[in-house]
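If you want the building blocks of each chain, they are given just below.
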Amino acid sequence: MGSGGEMKMNGKEEDALKAPLLKPSENVAITVVPAKGDKKVRTVKFKIGEIKCTSCSTSIESMLGEVNGVESAVISPLDGRAAITYVPELVDVNKIKETIEDAGFPVEEFPEHDIEVCRLRIKGMMCTSCSESVERALLSAVGVKKAVVGLALEEAKVHFDPNRIDTDGILKVVEDAGFGVELISSGNDMNKVHLKVEGFNFAEDGNMIQSCLESTLGVNHVEVDLAEHKVTVSYDPDLIGPRSIIQRIGDASSGSNIYQAELYVPPRRRETEQLQEVQMHRDQFFLCCLFSVPVLVFSMVLPMLHPYGNWLEYRIHNMLTVGMLLRLILCTPVQFIVGRRFYVGSYHALRRKSANMDVLVALGTNAAYFYSVYILIKAITSDTFEGQDFFETSAMLILFILLGKYLEVVAKGKTSDALAKLTELAPDTAHLVTLDNDGNVVAEMDISTELIQRNDVIKIVPGEKVPVDGIVIDGKSHVNESMITGEARLIAKRPGDKVIGGTMNENGCILVRATHVGSETALSQIVQLVEAAQLSRAPVQKLADRISKIFVPTVVIAAFITWLGWFIPGEAGLYPKHWIPKAMDGFELALQFGISVLVVACPCALGLATPTAVMVATGKGASQGVLIKGGNALEKAHKVRTVVFDKTGTLTIGKPEVVSAVLFSSFSMEEFCDMVTAAEANSEHPIAKAVVKHAKRLRQKIGPNSEYITEVKDFEVHTGAGVSGKVGDRNVLVGNRRLMQACNVSVGSEVENYIREHEQLARTCVLVAIDGWVAGAFAVTDPVKPEAACVVSFLRSMGISSIMVTGDNWATASAIAKEVGIEKVFAETDPLGKADRIKDLQGKGMTVAMVGDGINDSPALVAADVGMAIGAGTDVAIEAADIVLIKSNLEDVVTAIDLSRKTMSRIRLNYIWALGYNILGMPIAAGILYPFTGIRLPPWLAGACMAASSLSVVCSSLLLQSYKKPLRVRNRVS
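Treat the numbers as computed from the prediction; the structure is a model and nothing was measured.

Peer 1: Give me the lowdown on the sheet that holds strand β16 (residues 441-448), citing residues and values where you can.
Peer 2: Read from one edge of the open sheet, six strands run β16-β15-β17-β23-β18-β21, paired in antiparallel fashion. Lying at the two open borders of the sheet, with one neighbouring strand each, are β16 and β21 (498-499). Judged from the three bridges that link them, strand β15 (residues 429-435) and strand β17 (residues 457-460) form a sheet pairing that is antiparallel. Bridging from a neighbouring strand, Val433 pairs with Val457 of β17.

The structure is reproduced here in structure tokens:
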């Protein structure tokens, strides 16, 4: 690393710029190769079976390298994950697959090519049956491969084949199912810029701009909206950025046609739509009040206030009164204008052969309204008829349901508050600076954060937020990363350190070179992960899905039976006449009980019980630095009774240091260090890096250090043991005792004593053998994290046992385990062996969580019931993990499990409330208490109870926002 004032970057610093801040697991090898010349490249990822060693992966890589059009091939020898970068114009993915299979290796998990993804906003979903209907309609469409619909989020994610169906076709499928729909995003929306262009008014101008942009290297797709003068461009950030696109549009100007483009920021759709939905429900409620409240006054209030209500009894014709006519006039707009939504929802539900809450409300209100119309007609045509209309029942029922929906929408909006706060973390503008060849600032300008391109240099002054991910190239400061990690402490930043977009620069001015912009930043990836989690469906929701299929038909049958159960005994005189209220007859009493049963039952509360809790929990977890990948991970985590910890980087700090180096041969220290450096230079293991660093430092102390490193030949990684290769004309092995035994290198008593002495001090010994003899050794220490013992103890108090699994030797592993309080240890285990150990534990009936730092832990993370990737914001992209802990802090293991337990407890409570409400509410609405207590539930009050049940479930889920971490270890070492 250069000093604080050094602005030029060496080769390693440039490599660091290309390394993703949120890097994937080491064994899922992925390389991104920039396009060469005008060639556009793609990367396909899949798994290759029967990879048994490094030579297998190397042979496939070399064979693919001979295929015309394959730019690079990287295959993990651990689990066979492959990332192949190729030029589509020269070779297709099927040819790549055939080449591998012809070599005798099966290809697994091969992706269906040309599958695109779009996200939709679904409007009009009331309950689980609605979301299921949308999902069924989408899955039945030709070309749709996968569809997931989230009720609480009101979104759908659709995977489709663009050759068979497009987004317009998908939108039509949803509309045909009876729901409103809007396209949120489609295709590769990862890097997209929206521009407003002045100077083009004709189709020819649009074609000129489109053709100019499409011919530009790095531009993937262009959409031109002539009416709005807008251009939307999808691009590859490795090749081009938004400022270059704006410049390219300007270059397309010719003659009098001058094009000027500027950034257009579309309004945040989710917040805008939530606000519009709240306003719509509020307006409907107030419109309903305008008519329903007078109905209530004319039917219930004034008749009891003599003589003020006497005029309502004035007869217009025969038995038709003024009050009856006013109630008809006021109730009709409520029934057919305000209540139109229930008719539309019922029509679409019945058309798709299902039923939802709209059907129940429409049945109940229609029964009350049209019976009242019948009473009114009888009153007009008869001068002796006496009957009671129920217009107020219909009007008040709709009023209370709309009030409940309005309050529910307001409450549901708060379930995604945490996600909204995350999206607002990045600042709107940034200070872009231009440097000369000596690294001096020669120009500075303020630009929109969305216009920042990769490799731009940004100045960040104290008190400002970091706009994008990058590397500090000049200056020193402390950065508050609590908004991303949830950990409220300042992190020192110096040249060479990485910074995360959205964090706060506290006390120094720094220059940062942008490495990840737009949707590639850590903040964007966190938001994408949380959005995906909130869209996922927890297994426990299957209960609500099963109930929803039979719920409405069951309620309709129950309402009909209730009506018959009161009407027939009433006509037969089986119950006393005084049970029937004044101004009612037996039919009307039975009808009121039947309507109450229809409208008191609430399928919505069941449908919202799980997704609202998952939404709040995943958002709250994200704000605490715990990213939970959906309801499935939440549900599995609460069952965990055994946690398996990796050692290096998980229980330990993960920054090994060599504390001792010794020679056991006649080699000079200079020669010894040179050979070790050459042999270990290609290894990415933390211990290997520590050994190389120490060897170079020793070499500098002893004599002049040569910049030239001898190239190692026949380099091979022995998983979980070490590396081997040929340096010059000597065979060199660097690794543990297992590697020496495997290669038939004898370990003498002097070496054994050295190993024993250091292993008792919880140190790892790295042996170096040259030409079949142990030439020297290094002792490496990796301090235990200060919170490790406290976390293990707290897990024990939660009824969870802890196990350590490591590739290190037994003595070192046992010493570390004793220090942190772990009783059971699996040592000298390779990455695949770790997965086998976990499967053995699962075979004994244990629900197992695996905690690893993402380095060589992917097989175990996949094998575990719950995989937790831990690592200071660097492992967000690990596909193997179910839960990602942004910080390198073991406290978050406790937080993840405890949050999942609290969430599942809340979901159960929601189900008890929703089911209990229906189980108790329906019998009371049916009049089971009426014969004994005289208590009955009028339809309008039943409707109010139904609205309150949904609101109560949402509010119950919102209580998770008050969640606090159960464990906070004070005075941690930074």
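Peer 1: Describe a nonpolar patch on the surface, and please don't skip the residues or the numbers.
Peer 2: Taken together, the side chains of Leu287, Leu290, Phe336, Ile337 and Phe370 make up a nonpolar region of the molecular surface, amounting to roughly 480 Å² of accessible area. Note on placement: Phe370 falls in helix α11 (residues 357-381). By relative accessible area, Phe370 is classed as partly exposed at 42%.

Peer 1: Can you break down the pairing of strand β23 (residues 510-516) residue by residue, with the values?
Peer 2: Of all seven residues in β23, seven are buried, a share of seventy percent or more. Inspection of the sheet shows β17 paired to β23 by four bridges, in the antiparallel sense. Within the sheet, the bridge partner assigned to Ile458 lies in β23 and is Val512. Pairing analysis gives five bridges linking strand β18 (residues 469-474) to β23, with the strands arranged antiparallel. Each residue of the ladder has a partner; that of Gly470, found in β23, is Ala514.

Peer 1: An account of the packing of aromatic side chains is requested, with residue identities and associated values reported.
Peer 2: All told, the structure shown has 21 aromatic pairs when counted by the stated rule. A centroid spacing of 6.0 Å and a plane angle of 65° characterise the contact between Trp566 and Tyr930, whose relative ring orientation is edge-to-face. Placement of the pair is Trp566 in helix α16 (residues 542-572) and Tyr930 in helix α30 (residues 930-933), with a sequence separation of 364 residues. With relative accessibility at 10%, the residue Tyr930 sits in the buried group. On the numbers, 5.4 Å between centres and 15° between planes, the contact of Tyr575 with Trp579 is stacked. Taking relative accessible area as the criterion, Tyr575 reaches 8% and is therefore assigned buried. Aromatic rings pair up to connect Tyr371, Tyr374, Phe560, Trp563, Phe567 and Phe587 into one cluster.

Peer 1: So what about the sheet that holds strand β11 (residues 230-235)? Which residues, and what values?
Peer 2: Spatially, the four strands line up as an open sheet ordered β10-β11-β9-β12, and their pairing is antiparallel. The outermost strands of the open sheet, each flanked by one partner alone, are β10 (219-225) and β12 (260-263). Neighbour-to-neighbour, the strand axes of this sheet turn through a mean angle of 30°, independent of strand direction. Here strand β9 (residues 192-198) pairs with β12 via four bridges, running antiparallel.

Peer 1: Got a sec to walk through the pattern of salt bridges? Specific residues and values, please.
Peer 2: It is possible for side chains bearing opposite charge to pair when their charged atoms get close. Applying the stated criterion across every chain, the model contains 16 salt bridges. With a shortest N-O distance of 3.1 Å, Lys172 and Asp176 are connected by a salt bridge. Of this pair, Lys172 and Asp176 both sit in helix α5 (residues 167-176), four residues apart, which is roughly one turn of that helix. In this structure, the salt-bridge partner of Asp882 is Lys636, at a minimum N-O distance of 3.9 Å.

Peer 1: Describe the environment of Pro966, naming the residues involved and giving the relevant values.
Peer 2: Structurally, Pro966 can be placed in the segment after α31 (939-958). Note: C-alpha distance between Pro966 and Phe794 (172 residues apart in sequence) is 9.4 Å.

Peer 1: Hey, could you go over the UniProt feature "transmembrane region" (unreviewed entry) in the chain for me, with residue numbers and the actual values?
Peer 2: Under the feature "transmembrane region" (unreviewed entry), the UniProt entry names residues 285-304, 316-338, 359-377, 389-407, 550-569, 589-610, 911-933 and 939-960. Segment residues 285-304 splits into 85% helix and 0% strand. End C-alpha atoms: 27 Å apart.

Peer 1: So, unusual backbone geometry: which residues are in play, and what are the values?
Peer 2: Even without being a glycine, Asn318 presents a positive backbone phi close to 50°. Tracing the backbone shows Asn318 in the loop between β13 (315-317) and β14 (320-321). Classification of Asn318 by relative accessible area gives partly exposed; the value is 29%. Positive phi values are uncommon outside glycine, yet Asn455 reaches one of about 80°.

Criteria and thresholds
Sequence order as written defines residue numbering, which begins from 1 separately in each chain. The predicted origin of the model limits local features to residues at a pLDDT of at least 70 and limits the giving and counting of side-chain atom pairs to 80 or more, whereas totals for whole chains, interfaces and linings rest on all residues. Side-chain measures were taken over the full set of non-hydrogen atoms in the model, leaving aside hydrogen atoms and water. A pair of strands is considered paired only if DSSP assigns at least 2 bridges between the two. Each helix corresponds to a stretch of at least 4 residues labelled H or I by DSSP, and each strand to a stretch of at least 2 residues labelled E; elements are numbered beginning at the N terminus. Only residues whose relative accessible area exceeds 30% and that take part in no salt bridge are eligible for patches, with like-charged residues grouped when within 9 Å of each other and nonpolar side chains (Val, Leu, Ile, Met, Phe, Trp, Tyr) grouped when within 5 Å. Accessible areas in this description were obtained via Shrake-Rupley with a 1.4 Å probe; residue shielding takes into account the shown protein chains only. When a carboxyl oxygen of Asp or Glu lies within 4 Å of a side-chain nitrogen of Lys or Arg, that pair is called a salt bridge. Each residue's exposure class comes from its accessible area (1.4 Å probe, protein chains only) as a fraction of the maximum for that residue type: buried when under 20%, exposed when over 50%, partly exposed otherwise. Here the aromatic set is Phe, Tyr and Trp, taking the six-membered ring for Trp, and pairing holds for ring centres within 6.5 Å; pairs whose planes are under 30 degrees apart are stacked, those over 60 apart are edge-to-face, and all others are tilted. Axis lines are fitted to C-alpha atoms, over the contacting stretch for helices. Their N-to-C directions set the angle, which ranges from 0 to 180 degrees. UniProt positions are given in the numbering used here, feature names are shortened, and annotations may be inferred rather than shown by experiment.

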